[in-house]
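Coordinate analysis (summary)
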Amino acid sequence: MARVAVMRGDGIGPEVVDAMLSVLRECGSGIEVVMCEAGSEQWEKNSRRDATYIPDATMAELERADACFKGPTTTLPVPGAPRSVAVTLRQKFDLYANIRPCSTYERLTPGRRLECACFREATEGLYSGVESQVGPDAAIAIRKVTRRGCARLADAAMAWAEGHGMKSAVAITKRNILKRTDGIFWEEAQRAAAERGIKVSEVYIDNMAQQLVVAPGQFDGTVLLSTNLFMDIISELVSGLVGSIGLIHSANMGDSYAMFEAAHGSAPDIAGQGRANPAATILSGAWMAEHAGEADIGGAIRGATSLVINEGRSVTADIGGSASTSQMAGAIASAARASLRR
Ligand code: ATP
């Protein structure tokens, strides 16, 4: 049985993570869940104000677990506050591929279909954290790009394309300006695509942003891949096209560990009100179940989530309904249980 360490996180985190865990339980998941604390709320309460949002006891549980689940955590934008929980864990467990599969829902974007997967390199690029002051009025940040980093991300993206019957991939760069760093990225994207018979094209980041707004349908059925910051921005744009950030799930994959999380943040503006859309967290939980060998449960939860969103009767306000977080999760759990019984 898989053992998973679960951090509920900040803001709406506890509401959506509890909703996800209740859906897994109701579907009969046998995953062993160990709850632990991480994030800025526990950090602010802790008088020691550690240099990290992840207490030692949590880190020990994360190391003992087979995988982990992270609720949204707030990263305080103040000098001296710790580094983000996600960035810390991606680097600690070498989770190099941040993957966000995105799909439109007929009720939310009628007649406009977009199904794609965003692959973001998650351990280097501008998130390497190498910044320095150059005299009093200037500072530099290093955008570190290695062949190994590009190769493994490109291999993961092309393997996904092949496994999901997607015929094409788009590598997002700015190679006319960043000739060396994006030069390596593009070479590896072409190599990995050729090895699996996937057609790959290169689109510059600025043009990509415009194309996604003007004609998103052209990217239906494609895998998008890019370096850390570029894909951070583009995947948010794609999330916006789907209807609500509350619908986008993600995983951070390495060779021997995985972390599942919703793509949205801790949404302090709606925390504690039961208004948060739990779909992204529930879909991340479904992916975790599949990863833990419970493919039937994961598949049933995915199908049930689509059904509930498209029916629109038991959904939260961000996608046009009036259900609470727990009512929407309850509707997903009943539909998933019904499908598992069939
Ligand atoms: P972070 O920097 O931590 O990623 P953010 O600043 O991008 O966070 P979010 O916390 O994701 O912002 O919130 C952005 C907006 O989306 C807010 O108005 C928030 O209420 C809304 N939002 C985020 N998640 C959800 C959700 N699950 N359900 C409904 N609305 C949400």
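This text gives an overview of the structure that appears in the document. Quick caveat: nothing in here was measured; it's all calculated off a predicted structure.

Notes on the packing of helix H1 (residues 13-26) against helix H9 (residues 279-291)
Close contact between H1 and H9 brings their axes to 9 Å; oriented N to C, the two are set at 45°. With respect to each other, H1 and H9 are oriented oblique. Judged by the sense of rotation from one axis to the other, the crossing of H1 with H9 is right-handed. For the pair formed by H1 and H9, the contact residues are Val 16, Val 17, Met 20, Val 23 and Leu 24 on the first element and Thr 281, Ile 282, Gly 285, Met 288 and Ala 289 on the second. Considered class by class, the residues forming the contact of H1 with H9 number eight nonpolar, two polar and no charged.

Some points on the side chain of Glu 188
By secondary structure assignment, the location of Glu 188 is in helix H6 (residues 181-196). For Glu 188, a relative accessible area of 7% translates into the label buried. In contact with Glu 188, not counting residues within four places along its chain, are Arg 147, Cys 150, Ala 151 and Ala 154.

A look at the environment of Asp 220
By secondary structure assignment, the location of Asp 220 is in the loop between helix H7 (205-214) and strand S10 (222-226). Separated by 54 residues in the primary sequence, Asp 220 and Met 166 have C-alpha atoms spaced 9.2 Å apart. Within polar-contact distance, the side chain of Asp 220 engages the side chain of Arg 113 at 3.1 Å. Here the side chain of Asp 220 touches Glu 115 through a polar contact of 2.7 Å, landing on its backbone nitrogen.

Focus: the pairing of strand S4 (residues 97-103)
The buried fraction of S4 is high, at six of seven residues. Pairing of S4 with strand S5 (residues 115-121) involves seven bridges; the strand directions are antiparallel. Across the sheet, residue Ile 99 finds its bridge partner in S5, namely Phe 119. The pairing of S4 with strand S11 (residues 249-253) spans three bridges and is classified as antiparallel. Bridge assignment links Ala 97 to a residue of S11, and that residue is Met 253.

Some points on the packing of helix H10 (residues 295-311) against helix H11 (residues 325-341)
With their axes 8 Å apart at the nearest point, H10 and H11 run at an angle of 125° to one another. One element, H10, and the other, H11, form an angle in the oblique class. The two elements H10 and H11 cross, and the hand of that crossing is right-handed. Residue-level inspection shows Asp 296, Ile 297, Ala 300, Ile 301, Ala 304, Thr 305, Leu 307, Val 308 and Ile 309 of H10 in contact with H11, the latter providing Met 328, Ala 331, Ile 332, Ala 335, Ala 336, Ser 339 and Leu 340. Across the contact of H10 with H11, the residue classes break down as 13 nonpolar, two polar and one charged.

The rules behind these values
- Sequence order as written defines residue numbering, which begins from 1 separately in each chain.
- Two thresholds apply to this predicted model, a pLDDT of at least 70 for residue-level local features and 80 or more for giving and counting side-chain atom pairs, whereas whole-chain, interface and lining totals are computed over all residues.
- Side-chain figures throughout are based on the complete set of non-hydrogen atoms in the structure, without hydrogens or water.
- Axes, fitted as lines to C-alpha atoms, cover a helix only where it is in contact. Angles between the N-to-C directions of the axes lie from 0 to 180 degrees.
- Helical segments are the DSSP runs of H or I of at least four residues, strand segments are the runs of E of at least two, and each set is numbered from the N terminus.
- Oblique is the label for any angle not covered by the other classes, which are roughly parallel (under 35 degrees), roughly antiparallel (over 145) and roughly perpendicular (65 to 115).
- Rotating anticlockwise by less than a right angle from the far helix to the near helix defines a left-handed crossing, while the corresponding clockwise rotation defines a right-handed one.
- Between two residues, a contact is recorded if the distance between any of their heavy atoms is within 4.5 Å.
- Three classes are used, and their members are as follows: Ala, Val, Leu, Ile, Met, Phe, Trp, Tyr, Cys and Pro are nonpolar, Asp, Glu, Lys and Arg are charged, and the others, Gly among them, are polar.
- For every residue, the accessible area (1.4 Å probe, protein chains only) is compared with the maximum for its type, and the residue is labelled buried under 20%, exposed over 50%, or partly exposed between those bounds.
- Each polar contact in these results corresponds to two N or O atoms within 3.5 Å; when the atoms are within protein, one needs to be able to donate a hydrogen and the other to accept it, and residues that are neighboring in sequence are counted only if both atoms are side-chain atoms.
- Here the rule is simple: two strands pair whenever DSSP picks up at least two bridges between them.

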